[in-house]
Amino acid sequence: GANTIPSGTPNAVGCIIPKVRQYVSLYGTGAIVFMYGCGSQLAAQLLQMGVVALDGRCLDLEKVEKHQKRWCADSWGNILF
């Protein structure tokens, strides 16, 4: 999961910490909603920067998932992570 991917690596997860630093410097502290949850280690790192990691699994994600299936799903309709 996201906890095992080093910060600063050239992928979506590795870019979280550097991007959060950039956002905090521009806009101040806040929160990020992770669609399918967030590991405790990453959540702790974010909290140290003043950013709360929110778990989006309790939200109705049907519209988001429908949109994602148009551009990041396999031939069976499974959203690729």
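Here is what the cut-offs are and how they apply
- Residue positions are counted from 1 within each chain, in the order its sequence is given.
- In keeping with the predicted nature of the model, local features appear solely for residues at pLDDT of at least 70, side-chain atom pairs appear and are counted solely at 80 or more, and the whole-chain, interface and lining totals rest on all residues.
- To obtain the side-chain values, all non-hydrogen atoms of the structure were used and water was disregarded.
- The criterion is simple. A nonpolar core is a set of buried Ala, Val, Leu, Ile, Met, Phe, Trp, Tyr and Cys residues joined through side-chain atoms within 4.5 Å.
- For each residue, the accessible area found with a 1.4 Å probe, counting protein chains only, is set against the maximum for its type, and the residue is called buried under 20%, exposed over 50%, and partly exposed in between.
- Under the scheme used here, helices are H or I runs from DSSP no shorter than 4 residues and strands are E runs no shorter than 2 residues, and both carry numbers assigned from the N terminus.
- Throughout, a contact is declared for two residues whenever any of their heavy atoms are within 4.5 Å.
- Whether two strands pair depends on DSSP finding at least two bridges between them.
- The path from the first strand over the helix to the second decides the hand: if it runs clockwise while the strands point away from the viewer, the crossover is right-handed.
- An expected span of 1.5 Å times one less than the residue number is assigned to each helix.
- Here the arc refers to the set of directions running from the helix axis out to each C-beta atom.

K.L.:
Just checking my understanding: could you explain the nonpolar core for this structure?
P.N.:
Proteins that are soluble and globular tend to have nonpolar side chains buried together. With eight residues, the main nonpolar core is built from Ile-16, Ile-17, Val-20, Phe-34, Leu-42, Leu-46, Met-49 and Val-51. Looking at this core, the elements with two or more residues in it are α1 (16–27) and α2 (40–48). Excluding its chain neighbours within four sequence positions, the residues that come into contact with Val-20 are Ile-32, Leu-46, Met-49 and Val-51.

K.L.:
So what exactly am I meant to see when it comes to the pairing of strand β1 (residues 30–34) here?
P.N.:
Within a regular strand, the side chains alternate between the two sheet faces. With five bridges joining them, β1 and strand β2 (residues 51–55) adopt parallel strand pairing. Looking across to β2, one finds that Gly-30 is bridged to Val-51. Handedness of the crossover joining β1 and β2 through α2 is recorded here as right-handed.

K.L.:
Any chance you could explain α1 here in plain terms?
P.N.:
Note that an α-helix has 3.6 residues per turn; residues three or four places apart therefore point the same way. The terminal C-alpha atoms of α1, which comprises 12 residues, lie 16 Å apart, in line with the 16 Å expected from a rise of 1.5 Å per residue. Turning to α1, its buried residues are Ile-16, Ile-17 and Val-20. Seen from one end, α1 has its buried residues packed into an arc of 85°, which puts them on one side. Exposed residues lying more than 90 degrees from the buried face of α1 are Arg-21, Ser-25 and Leu-26. Looking at the buried residues of α1, the elements they touch are β1, α2 and β2. Positive backbone phi, approximately 95°, marks Gly-28, located one or two places after α1.

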